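Overview (structure and organization)
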Amino acid sequence: MVTSMFPIVMLDGLPGVAGDLAVVPVFVNAGAAVLPAVIGALASVAVVLAKPKVLAPVLLVTALVVGGAWYFWPAGDGAPPPAPMADRGRRTTAASAGEADWSAVGMAIIQHRQRQEALGRTAGPAASNDRDEAAAEDPTDAREALIFRGGVQRSGHLGGGSPVELVEQWRSADPDTMYLASPLVADGRVYAASCYLMPGGSEGGVFALDAATGDERWYVDTKPGGGYFTGFFSSPALSADRKTLVIGQGLHVDANCELIGVDVESGEIKWTAPTPLHVEGSPAIEGGIVVAGAGAIEQGEDHLPRGDPEGRGHPGFVFGVDIASGEELWRYQVNDPESSPAVEDGVAYIGSGVNGNAVVALRTAPQPELDEAGQERLVWETETPYAAVGPVTLTEDLVLIGCGNSNFVFADPNPAGVILALDRETGAVVWEHETNDSVLGAIAVRDGIAIAAVRTGEVLALDIASGETHWSVDLGEGPVLSSPAYTGACVYLTTADGYLVVLDAMEQGAVIEKHYINAPGAPGERALTVSSPLVQGGHVYVGSETGGLICFTGKHSR
């Protein structure tokens, strides 16, 4: 039974609809009715436009209490109010929303604002402190950009050994806040992003913590032109010169979101690159160009893209941005590119999701350079049997990606998936490995082995050259929606219901240890522990649904 004070549901599915839905989480107000939604929207507009310290809480509480009273007041014909949306959709875990305490919701929003103000957050980024001595021990290569999972092989391992017998070193948590994004560690700092759910939407912030202590260095959650960022699902990337942090903004239902460039030292927003959609995949960086995908917002039983304010449907697109200025350099239509791209040698590889079912390779140079060279943007496009939703991994001459017909929220009634290895030059299928459900996370590669996590909880170790299985293990801990970290000796991953699990990669994937990372007394009822662990310098950094962002240290290292 759901006990959260926020009755929410994922908008990725509709009653009676299953199969190739959008592949990322979406959150809406489950107590939705027309009048309270309108009132709440007006209050939210007032907050965004004016951002008054006192007026905002008053408007929000008033709107929610009045709306809630209208919602629960008996209808004139004696009919009960509509069932909460959480009772109408099919979830990966059995849950029902129950009745909403709207005054409690309003107070929670006020308390969230007060916590942000107490930390100096809503006033803008704090001044940067000196870097911790841990920076001197950071083995990351400053000549290359750091992307989701570290690099194009997506190992999730940034140097050091394989820590075991993990103990919690620090935990950074803001109540009622989820950490869907995965952390990135460099120069003695942890960079991450948050998602705070609220009626009708979400808010989020990007922040930097001291890697040794968890102390906050800076936090930013406001747009340069005013208003708060929506919640973050995308994970941050870091430029090669370590001066710019880049991250996508928005959840699947959100429109008019941006790709964001943040100054690493101060936390100030350097630029935003607007889209009419959202950027849930994690951006890739090579040289001075950032590549990201803007995913579609599907609706209806046919899952067609929802229209923008001008009434046009947006199928989605991939775009390139200048990392210094945020100027959009090019845009290429790709249906629902929610996958996280990988870029190498001037070519970006990305998956196409709903209404797409493909992997595409695109040249990243600005259009004038392509015109001068007589080259097209598209290098190749390869159809896939299911939506290609996983982040792209590059290794040797191969492009690896996971596909499937289930998503982060809903399991298809006839689940199926596949791991594909494509020739990097031509896009031809080199091998494919069928799975019993979607592979939503990145495939981690090193030493000729690929580690992949299937949504059902099965973990696979595959031979890169042939796709044959070295070993497999079923965790039995519920769905696995995250990407594994692979050090060669150990595999680290999270399960959707809130466990960090460590496997022995040298002993057929045997479980070494596991740790519950959600908050005590606050289990992740939405099964959205999707943050992927990052291993660096004898530590494991990971986000959770209810337990915050956590740093573990190992008593021993393999």
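Up top is the structure.
The structure reproduced in this document is the subject of the present report.

What counts and how
- Residues numbered from 1 in each chain as written.
- Predicted model: local features only at pLDDT ≥ 70, side-chain atom pairs only at ≥ 80, totals over all residues.
- Heavy atoms only, no water.
- Helix = DSSP H or I, 4+ residues; strand = E, 2+ residues; numbered from the N terminus.
- Buried < 20%, exposed > 50% of the residue type's maximum accessible area, 1.4 Å probe, protein only.
- Contact = heavy atoms within 4.5 Å.
- Areas by Shrake-Rupley, 256 points an atom, 1.4 Å probe, with all protein chains shown as cover.
- Pairing = 2+ DSSP bridges.
- Axes fitted to C-alpha atoms, helices over the stretch in contact; angles between N-to-C directions.
- Phe/Tyr/Trp six-rings, centres within 6.5 Å; stacked < 30°, edge-to-face > 60°.
- Lys NZ or Arg CZ within 6 Å of the ring centre and 35° of its normal.

For the protein chain, the count of helices and strands is four helices and 39 strands. Residues classed as buried in the protein chain amount to 59% of the 558 residues present. Sequence-distant contacts in the protein chain: of pairs separated by 6 or more residues, those separated by 24 or more amount to 59%. Counting only carbon and sulfur atoms, one obtains 52% of the accessible surface of the protein chain, whose full area is about 20400 Å².

Next up on the list: the environment of L277. Mapped onto the elements, L277 comes out in the loop between strand 14 (269–274) and strand 15 (284–286). Excluding its chain neighbours within four sequence positions, the residues that come into contact with L277 are D254, A255, N256, C257, A294, G295, A296, I297, H314, G316 and F317.

Turning to the sheet that holds strand 21 (residues 342–344), a few remarks are in order. Backbone-to-backbone hydrogen bonds join strands into a sheet, with any given pair of strands oriented parallel or antiparallel. A sheet is described by the order of its strands in space; here four strands give the open sequence 21-22-23-24, paired in antiparallel fashion. Both edges of this open sheet fall to strand 21 and strand 24 (378–383), since each of them pairs with a single strand only. Adjacent strand axes in the sheet meet at a mean angle of 15° when their direction is disregarded. Of the pairings in the sheet, the one linking strand 22 (residues 347–352) to strand 23 (residues 358–363) comprises six bridges and is antiparallel in character.

Moving on, we get to the environment of K555. For K555, the position within the fold is in strand 39 (residues 549–557). You can call K555 exposed: its relative accessible area is 57%. Sequence-wise, K555 and E165 are 390 residues apart; in three dimensions their C-alpha atoms are separated by 5.5 Å. Not counting residues within four places of it along the chain, the set of residues in contact with K555 comprises V164, E165 and V167.

Of all six residues that make up strand 22, six are buried, and the element is covered over most of its length. Note that strand 21 and strand 22 share three bridges and pair antiparallel. Considered in strand 22, the bridge of A342 is made with Y349. Linking two consecutive strands that pair antiparallel, namely strand 21 and strand 22, is a turn of two residues; a positive phi of about 55° is found at D345 within it. In textbook terms, the turn of a hairpin is the stretch between consecutive antiparallel strands, and for strand 22 and strand 23 this stretch comprises five residues, one of which, N355, has a positive phi near 65°.

If you walk through the whole model with that rule in mind, you get nine aromatic pairs. Geometrically, the ring pair formed by Y179 and F207 is edge-to-face, given 6.1 Å between the ring centres and 90° between the ring planes. One end of the pair, Y179, is in the loop between strand 4 (177–178) and strand 5 (184–186); the other, F207, is in strand 9 (residues 206–210), with 28 residues separating them in the sequence. Like Y179, the residue F207 is buried in the burial classification. Between the aromatic rings of Y349 and W380, the centroid separation amounts to 6.1 Å while the plane-to-plane angle is 45°, which identifies the pairing as tilted. Linking Y349 in strand 22 with W380 in strand 24, this pair joins segments that are 31 residues apart in sequence. When its relative accessible area of 4% is taken as the criterion, Y349 is described as buried. A network of ring pairs unites the aromatic residues Y179, F207 and Y219 as a single cluster. When the ring centre of F317 is taken as reference, the NZ or CZ atom of R331 above it lies at 3.9 Å. The ring of Y499 carries the charged tip of K514 above its face, separated from the ring centre by 5.4 Å.

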